[in-house]
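The residues making up each chain are set out below.
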Amino acid sequence: MPETNRAIVFDSPTKLTLESLDFPKLQMPNGTKAPHGVIVRIVATNICGSDLHIYRGSFPVPQGMVMGHEMTGQVVEVGSDVQFIQPGDLVSVPFNVACGRCRNCKNGRTDVCQTVNPQVHCGAYGFNLGDFQGGQAEYLFVPYADFNLLKFPDNDAAMEKIRDLALLSDVLPTAFHGLMEAGVKVGSTVYIAGAGPVGRAAAAAARLIGDAAIIVGDYDKERLDLVKRNGCETIDLSQDIPLADQIEAILGVPEVDCAVDYVGSEAHGIGHEAHELQPQAAINQVLAATRAGGATGVIGIYGPDPLADTKEGQEGTFPLDFGKVWIKSPRVSAGQAPIMSYNRDLMMSILWDRMPYLSDMMNTKVISLDDAVGAYETFDQGSANKYIIDPHGLISA
Ligand code: NAD
Ligand code: ZN
Ligand code: ZN
């Protein structure tokens, strides 16, 4: 085994560095031994909009933390308590770190595991959530491996579809979860706020489910074009037209059955307010867009944001138009997505070619670890690519 691990490390807002760290150990962040864990050699590790919150300084993390939570890789070392995962297995790593033993994990709520993070009931790699190092690196430690890892049935078949399968660690199951929480089913009309990678994955998932009208709103023409050319309706929010009017122009009615916020608190306003940061804009837009009796999902991240220009934003309180929508009996669900609830089924859909449009909508671009810091800058400026880092050159090969 090598002695080092090259990794993308957080230094300070907008400053990431590529560093050579120690090879990871089978050890929990508090130093206890982790015979239930494995070491994974990373095959694909993607850059996410959630990483941008960290990169910009909206979501504070400690200096020196390894970035990244969307990992796919090959197991190279297994602890003595691991029973079902073996060296050589090609696996997807859900971004949630979960113990598999607590009340929430037993109920499938791996997004709110109660034991892996002493601060709050939620663990994740490459966030300030339990001190687990991220996976934008050559190697990664994964605890409770039998529980956490999704093993691909056939390594060769998986490598052929690796660009799509790499989306199973976060964006695709997360996007799907947002739709499920908003009650999406065959024939639903759905409004997707945000055409970033997660919003575009949601548009792809809505096609898989068989939605009627799939309407995606954003300002970014290039991102919107990716979904438009794959069978979705789009709304250009830089136009000074109220969202309800834009929805009505498409559907004949101003509301949809289901709406999901794939934006979070770095949202902007509509039309002449499109250049203003309005932390509560997206959540209020999806609440307003949902019909009475429908449901709303909130996948975009909300939290105290030190960069917000209001005291409320810095404290993480957001002015919701609750009084306006209460009469519609809103059903709203928010939080991290429990990846494990969906990743196996979506893997099967990918392996059996049920989403042939997925790669085009996601516009994935494979890059080296050396190019990753530069890709953060490009993605931060709104690139329409979903970047997949290939630290060992295995995808390119
Ligand atoms: P991204 O930053 O690439 O995309 C966000 C998009 O939203 C941008 O294209 C932006 O132009 C657009 N936007 C801004 N304001 C808008 C508005 N009012 N209405 C519609 N669109 C608007 O991010 P991403 O990778 O697609 O991720 C989207 C969000 O999902 C982020 O907040 C991310 O942190 C979050 N996320 C949550 C989970 C979870 O488990 N809940 C998992 C992954 C990502
Ligand atoms: Zn992510
Ligand atoms: Zn747990």
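You'll find the structure just up there.
Basis of the calculations
Residues numbered from 1 in each chain as written. Chains lettered and ligands numbered in written order. Predicted model: local features only at pLDDT ≥ 70, side-chain atom pairs only at ≥ 80, totals over all residues. Heavy atoms only, no water. Pairing = 2+ DSSP bridges. Helix = DSSP H or I, 4+ residues; strand = E, 2+ residues; numbered from the N terminus. Axes fitted to C-alpha atoms, helices over the stretch in contact; angles between N-to-C directions. Buried < 20%, exposed > 50% of the residue type's maximum accessible area, 1.4 Å probe, protein only. Right-handed = clockwise from strand over helix to strand, strands pointing away. Near = heavy atom within 4 Å. Polar contact = N/O pair within 3.5 Å; in protein donor to acceptor, adjacent residues only side chain to side chain. Areas by Shrake-Rupley, 256 points an atom, 1.4 Å probe, with all protein chains shown as cover. Nonpolar A, V, L, I, M, F, W, Y, C, P; charged D, E, K, R; others polar. Domains from an automatic or database assignment. Patch = residues over 30% accessible without salt bridge, like charges linked within 9 Å, V, L, I, M, F, W, Y side chains within 5 Å. Salt bridge = Lys/Arg side-chain N within 4 Å of Asp/Glu carboxyl O. Parallel < 35°, antiparallel > 145°, perpendicular 65-115°, else oblique. Left-handed = near helix turned anticlockwise from the far one by under 90°. Contact = heavy atoms within 4.5 Å. Donors = N, O, S within 2.8 Å, 3.2 Å for Na, K, Ca; no water. Tetrahedral: all angles 85-135°; square planar, octahedral: opposite > 155°, others 65-115°.

Engineer: Any chance you could break down the sheet that holds strand S12 (residues 290-298) for me, citing the residues and the numbers?
Structural biologist: Judged by pairing direction, the sheet is parallel, and its six strands sit side by side in the order S10-S9-S8-S11-S12-S13 without closing on themselves. The open sheet terminates on both sides in strands that have one partner only, identified here as strand S10 (233-236) and strand S13 (332-334). Going across the sheet, the axis of each strand differs from the next one's by a mean of 20°, ignoring polarity. Where S12 lies against S13, three bridges are found, and the strand directions are parallel.

Engineer: Give me the pairing of strand S8 (residues 190-193): which residues, what numbers.
Structural biologist: In S8, alternate side chains face the same way, and those of Val190 and Ile192 on one face and Tyr191 and Ala193 on the other are all buried. In terms of strand pairing, S8 meets strand S9 (residues 214-218) through four bridges, oriented parallel. Note that in S9 the partner of Tyr191 across the bridge is Ile215. Chirality of the crossover, the property in question, places the unit of S8, helix H7 (residues 197-209) and S9 among those that are right-handed.

Engineer: Help me get a handle on the site of ligand 1, residues and values and all.
Structural biologist: In the region of ligand 1, 28 residues are neighbours, and Ser50, His53, Asp218, Arg223 and Ala337 sit closest. In the model, a nitrogen atom of ligand 1 is placed 3.1 Å from a nitrogen or oxygen of the Gln285 side chain. A distance of 3.4 Å separates an oxygen atom of ligand 1 from a polar side-chain atom of Gln336. In isolation ligand 1 offers 870 Å² of accessible surface; the protein chains occlude 93% of this area. Secondary structure elements with two or more residues in the shell around ligand 1: helix H1 (49-56), H7 and S9. Per-element accounting of the shell around ligand 1 gives the leading share, three residues, to H1. Classifying every residue of the shell around ligand 1 by side-chain character gives 13 nonpolar, 12 polar and three charged. Residues lining the shell around ligand 1 come from more than one domain, with at least three contributed by each of domain 1 (4-170 + 362-389) and domain 2 (171-334).

Engineer: Residues and numbers for a nonpolar patch on the surface, please.
Structural biologist: Together, Leu320, Phe322, Trp326 and Ile327 make up a nonpolar patch on the protein surface, roughly 470 Å² of accessible area in all. Considering the arrangement of structural elements, one finds Phe322 in helix H12 (residues 322-325). Taking the relative accessible area as the measure of exposure, Phe322 reaches 46% and is therefore partly exposed.

Engineer: Describe the packing of helix H6 (residues 171-181) against helix H13 (residues 343-351), listing the residues and the values that go with them.
Structural biologist: Each pair of packed helices gets described by two things: the angle between the helix axes and the distance between those axes. Between H6 and H13, whose axes approach to 10 Å, the crossing angle comes to 110°. Here H13 runs roughly perpendicular to H6, going by the angle between their axes. Here H6 and H13 pass one another in a crossing that is right-handed. Contact residues: Leu172, Pro173 and Phe176 in H6; Asn343, Leu346 and Ile350 in H13. A breakdown of the residues in the contact of H6 with H13 according to their chemical character gives five nonpolar, one polar and no charged.

Engineer: Tell me about the coordination of the zinc ion (ligand 2), and name the residues and values.
Structural biologist: Those protein atoms acting as donors to the zinc ion (ligand 2) are Cys48 (SG), His69 (NE2), Glu70 (OE) and Asp170 (OD), and they sit at 1.9 to 2.3 Å. Geometry at the zinc ion (ligand 2) is tetrahedral, judged from the four donor atoms that bind it and their angles of 93 to 126° at the metal. Along the chain, the residues donating to the zinc ion (ligand 2) are arranged with the sequence spacing C-x20-H-E-x99-D. Taken together, the residues Glu70 in the loop between H1 and strand S4 (71-78) and Asp170 in the loop between helix H5 (162-165) and H6 connect sequence positions 100 residues apart.

Engineer: Describe the environment of Asp89, listing the residues and the values that go with them.
Structural biologist: Here Asp89 shows up in the loop between S4 and strand S5 (90-93). Note on Asp89: relative accessible area 8%, which makes it buried. A sequence separation of 45 residues divides Asp89 from Ala44, and the C-alpha atoms of the two residues are 14 Å apart. Those residues in contact with Asp89 that lie beyond four places of it in its chain are Gly73, Gln74, Val75, Phe84, Lys151 and Asn155. From its side chain, Asp89 meets the backbone nitrogen of Gln86 in a polar contact 2.8 Å long.

Engineer: Help me get a handle on the side chain of Asn148, residues and values and all.
Structural biologist: Along the chain, Asn148 turns up in helix H3 (residues 145-148). With relative accessibility at 1%, the residue Asn148 sits in the buried group. With residues up to four places along the chain from it excluded, the contact list for Asn148 reads Ser92, Pro94, Asn96, Val97, Ala98, Val142, Pro143 and Met340.

Engineer: Which residues make up the coordination of the zinc ion (ligand 3), and what are the values?
Structural biologist: Within the protein, the atoms that donate to the zinc ion (ligand 3) are Cys99 (SG), Cys102 (SG), Cys105 (SG) and Cys113 (SG), at distances of 2.3 to 2.4 Å. One can describe the site at the zinc ion (ligand 3) as tetrahedral: its four donor atoms subtend angles covering 102 to 118° at the metal.

Everything listed is a geometric property; what it means functionally is a separate question.
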